[in-house]
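Secondary and tertiary structure notes
What follows is the residue order along each chain.
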Amino acid sequence: MTNERLTSIRPSTVEDLPAIEKLLAESSLPTAGVAEMLATNASSFVVAETDGDGRRIVGVAGLEVCGENALLRSVAVRPEWRSRGVGNELVSRVVSDAESRGLHALYLLTLTAERYFPRFGFQPIERRTVPAAVADTVEFKSACPETAAVMMRRCC
(Lines give C-alpha, C1' and ligand atoms only; values in the text may rest on other atoms or scores of the structure.)
Protein backbone atom coordinates (compact mmCIF):
# COMPACT_ATOMS: atom_id res chain seq x y z
CA MET A 1 0.00 0.00 0.00
CA THR A 2 1.20 3.49 -0.83
CA ASN A 3 2.34 6.03 1.80
CA GLU A 4 0.82 8.87 -0.20
CA ARG A 5 -2.12 10.79 1.22
CA LEU A 6 -5.19 11.81 -0.68
CA THR A 7 -5.02 15.60 -0.65
CA SER A 8 -8.05 16.66 -2.63
CA ILE A 9 -11.03 15.82 -4.73
CA ARG A 10 -11.32 18.73 -7.09
CA PRO A 11 -12.82 19.76 -10.41
CA SER A 12 -10.61 18.72 -13.29
CA THR A 13 -8.92 21.11 -15.69
CA VAL A 14 -7.89 20.76 -19.32
CA GLU A 15 -4.32 20.18 -18.06
CA ASP A 16 -5.55 16.96 -16.38
CA LEU A 17 -6.58 15.41 -19.72
CA PRO A 18 -3.47 13.23 -20.27
CA ALA A 19 -3.63 11.79 -16.72
CA ILE A 20 -7.39 11.21 -16.95
CA GLU A 21 -7.12 9.45 -20.31
CA LYS A 22 -4.21 7.32 -19.05
CA LEU A 23 -6.15 6.25 -15.94
CA LEU A 24 -9.25 5.42 -18.00
CA ALA A 25 -7.23 3.41 -20.52
CA GLU A 26 -5.45 1.51 -17.73
CA SER A 27 -8.90 0.76 -16.26
CA SER A 28 -10.20 -0.50 -19.64
CA LEU A 29 -12.72 2.34 -19.82
CA PRO A 30 -13.49 4.37 -22.95
CA THR A 31 -11.84 7.74 -23.45
CA ALA A 32 -14.13 8.81 -26.30
CA GLY A 33 -15.64 12.21 -25.59
CA VAL A 34 -13.46 13.01 -22.56
CA ALA A 35 -11.51 15.82 -24.22
CA GLU A 36 -14.73 17.40 -25.48
CA MET A 37 -16.27 17.22 -22.00
CA LEU A 38 -13.26 18.95 -20.43
CA ALA A 39 -13.62 21.78 -22.93
CA THR A 40 -17.16 22.65 -21.83
CA ASN A 41 -18.68 23.97 -18.61
CA ALA A 42 -21.92 22.03 -19.11
CA SER A 43 -20.26 18.73 -18.22
CA SER A 44 -17.49 18.06 -15.74
CA PHE A 45 -14.98 15.67 -14.26
CA VAL A 46 -13.72 15.46 -10.71
CA VAL A 47 -10.34 14.00 -9.85
CA ALA A 48 -8.77 12.58 -6.71
CA GLU A 49 -5.23 13.79 -6.21
CA THR A 50 -2.39 12.70 -3.90
CA ASP A 51 0.45 14.55 -2.22
CA GLY A 52 3.09 12.03 -3.20
CA ASP A 53 6.19 12.56 -5.32
CA GLY A 54 4.57 15.38 -7.26
CA ARG A 55 0.79 15.52 -7.31
CA ARG A 56 -0.82 12.68 -9.18
CA ILE A 57 -4.36 11.78 -10.13
CA VAL A 58 -5.49 8.47 -8.61
CA GLY A 59 -9.21 8.64 -9.36
CA VAL A 60 -11.70 10.24 -11.73
CA ALA A 61 -15.45 10.45 -12.33
CA GLY A 62 -17.41 12.35 -14.96
CA LEU A 63 -20.81 14.00 -15.27
CA GLU A 64 -21.99 14.37 -18.86
CA VAL A 65 -25.05 16.61 -18.88
CA CYS A 66 -27.71 15.64 -21.42
CA GLY A 67 -30.55 18.15 -21.20
CA GLU A 68 -32.52 17.50 -18.00
CA ASN A 69 -30.57 14.32 -17.22
CA ALA A 70 -26.93 13.28 -17.12
CA LEU A 71 -24.60 10.35 -17.59
CA LEU A 72 -22.27 9.30 -14.78
CA ARG A 73 -19.25 8.04 -16.67
CA SER A 74 -15.59 7.23 -16.46
CA VAL A 75 -15.43 6.27 -12.79
CA ALA A 76 -11.94 4.87 -12.25
CA VAL A 77 -9.56 4.50 -9.30
CA ARG A 78 -5.96 3.28 -9.43
CA PRO A 79 -5.76 -0.30 -8.08
CA GLU A 80 -3.59 0.65 -5.08
CA TRP A 81 -6.22 3.25 -4.04
CA ARG A 82 -9.27 0.98 -4.28
CA SER A 83 -11.13 0.04 -1.07
CA ARG A 84 -9.98 3.30 0.53
CA GLY A 85 -13.12 5.37 -0.11
CA VAL A 86 -11.82 7.23 -3.15
CA GLY A 87 -14.48 5.90 -5.52
CA ASN A 88 -17.21 6.63 -2.98
CA GLU A 89 -16.01 10.23 -2.65
CA LEU A 90 -15.85 10.72 -6.40
CA VAL A 91 -19.29 9.26 -7.10
CA SER A 92 -20.82 11.17 -4.16
CA ARG A 93 -19.36 14.41 -5.53
CA VAL A 94 -20.81 13.78 -9.00
CA VAL A 95 -24.23 12.85 -7.57
CA SER A 96 -24.18 16.02 -5.47
CA ASP A 97 -23.24 18.08 -8.53
CA ALA A 98 -26.12 16.56 -10.52
CA GLU A 99 -28.57 17.32 -7.70
CA SER A 100 -27.34 20.92 -7.30
CA ARG A 101 -27.90 21.46 -11.04
CA GLY A 102 -31.52 20.34 -10.66
CA LEU A 103 -31.13 17.41 -13.04
CA HIS A 104 -33.92 14.82 -13.08
CA ALA A 105 -31.85 11.65 -13.17
CA LEU A 106 -28.37 10.17 -13.56
CA TYR A 107 -27.74 7.20 -15.84
CA LEU A 108 -24.71 4.96 -16.17
CA LEU A 109 -23.39 1.98 -18.10
CA THR A 110 -21.24 -0.69 -16.47
CA LEU A 111 -19.71 -4.02 -17.37
CA THR A 112 -18.26 -4.76 -13.94
CA ALA A 113 -19.80 -2.62 -11.18
CA GLU A 114 -23.50 -3.54 -11.02
CA ARG A 115 -23.11 -4.35 -7.32
CA TYR A 116 -21.22 -1.16 -6.51
CA PHE A 117 -23.63 1.54 -7.69
CA PRO A 118 -26.83 0.60 -5.78
CA ARG A 119 -25.27 2.09 -2.61
CA PHE A 120 -25.70 5.47 -4.32
CA GLY A 121 -29.33 4.82 -5.25
CA PHE A 122 -28.76 3.45 -8.76
CA GLN A 123 -31.10 0.69 -9.95
CA PRO A 124 -30.93 -1.46 -13.10
CA ILE A 125 -33.22 -0.38 -15.93
CA GLU A 126 -33.92 -1.44 -19.51
CA ARG A 127 -31.72 0.26 -22.08
CA ARG A 128 -34.76 1.19 -24.18
CA THR A 129 -36.12 3.41 -21.35
CA VAL A 130 -33.14 5.77 -21.36
CA PRO A 131 -34.04 9.32 -22.53
CA ALA A 132 -32.98 10.14 -26.09
CA ALA A 133 -30.45 12.82 -25.05
CA VAL A 134 -28.60 10.30 -22.87
CA ALA A 135 -28.89 7.47 -25.40
CA ASP A 136 -27.38 9.80 -28.01
CA THR A 137 -24.05 10.15 -26.13
CA VAL A 138 -20.88 8.58 -27.50
CA GLU A 139 -20.79 6.37 -24.40
CA PHE A 140 -24.20 4.84 -25.23
CA LYS A 141 -23.91 4.84 -29.01
CA SER A 142 -20.46 3.38 -29.48
CA ALA A 143 -18.03 3.46 -26.55
CA CYS A 144 -19.76 0.86 -24.37
CA PRO A 145 -21.06 -2.46 -25.71
CA GLU A 146 -24.76 -3.35 -25.85
CA THR A 147 -24.09 -5.92 -23.12
CA ALA A 148 -23.31 -3.19 -20.56
CA ALA A 149 -25.80 -2.96 -17.70
CA VAL A 150 -27.78 0.29 -17.60
CA MET A 151 -28.58 1.88 -14.26
CA MET A 152 -30.49 5.00 -13.20
CA ARG A 153 -30.82 7.18 -10.10
CA ARG A 154 -33.40 9.93 -9.66
CA CYS A 155 -31.93 13.25 -8.51
CA CYS A 156 -34.96 15.29 -7.49
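Residues numbered from 1 in each chain as written. Predicted model: local features only at pLDDT ≥ 70, side-chain atom pairs only at ≥ 80, totals over all residues. Heavy atoms only, no water.

Points about the nonpolar core
Quick reminder of the rule: What makes a nonpolar core is a set of buried Ala, Val, Leu, Ile, Met, Phe, Trp, Tyr and Cys residues whose side-chain atoms join them at distances within 4.5 Å. Only protein chains enter the accessibility calculation, which uses a 1.4 Å probe. A residue is then buried if its area is under 20% of the maximum for its type, exposed if over 50%, and partly exposed in between. A helix here means a DSSP run of H or I that spans at least four residues, while a strand means a run of E at least two residues long, and both kinds are numbered starting from the N terminus.
Among the nonpolar cores identified, the biggest contains 25 residues, and Leu72, Leu90, Leu106, Phe117 and Phe122 are the most heavily contacted of them. Breaking this core down by element, the ones donating at least two residues are strand 2 (44-50), strand 3 (56-66), strand 4 (69-77), helix 3 (86-100) and strand 5 (105-110).

Brief notes about the pairing of strand 3
The condition that has to hold: DSSP bridges decide pairing: two strands pair if at least two such bridges lie between them.
When you tally the buried positions in strand 3, you get nine out of eleven residues, the bulk of the element. Pairing between strand 2 and strand 3: seven bridges, direction antiparallel. Residue pairing in the sheet places Ala48 in a bridge with Gly59 of strand 3. Looking at chain direction, strand 3 and strand 4 are connected through seven bridges and run antiparallel. Within the sheet, the bridge partner assigned to Val60 lies in strand 4 and is Ala76. Hairpin remark: strand 3 followed by strand 4, antiparallel, with two residues in the connecting loop; positive phi at Gly67, about 70°.

Let's talk about the side chain of Arg10
The line we're drawing: The contact definition used throughout considers only heavy atoms, calling two residues in contact when any of these lie within 4.5 Å.
Inspection of the secondary structure assignment puts Arg10 in strand 1 (residues 6-11). Looking at Arg10, the relative accessible area reads 19%, which means it is buried. Leaving out residues up to four positions away in the same chain, Arg10 has contacts with Asp16, Phe45, Val46, Val47, Glu49, Ile57 and Arg93.

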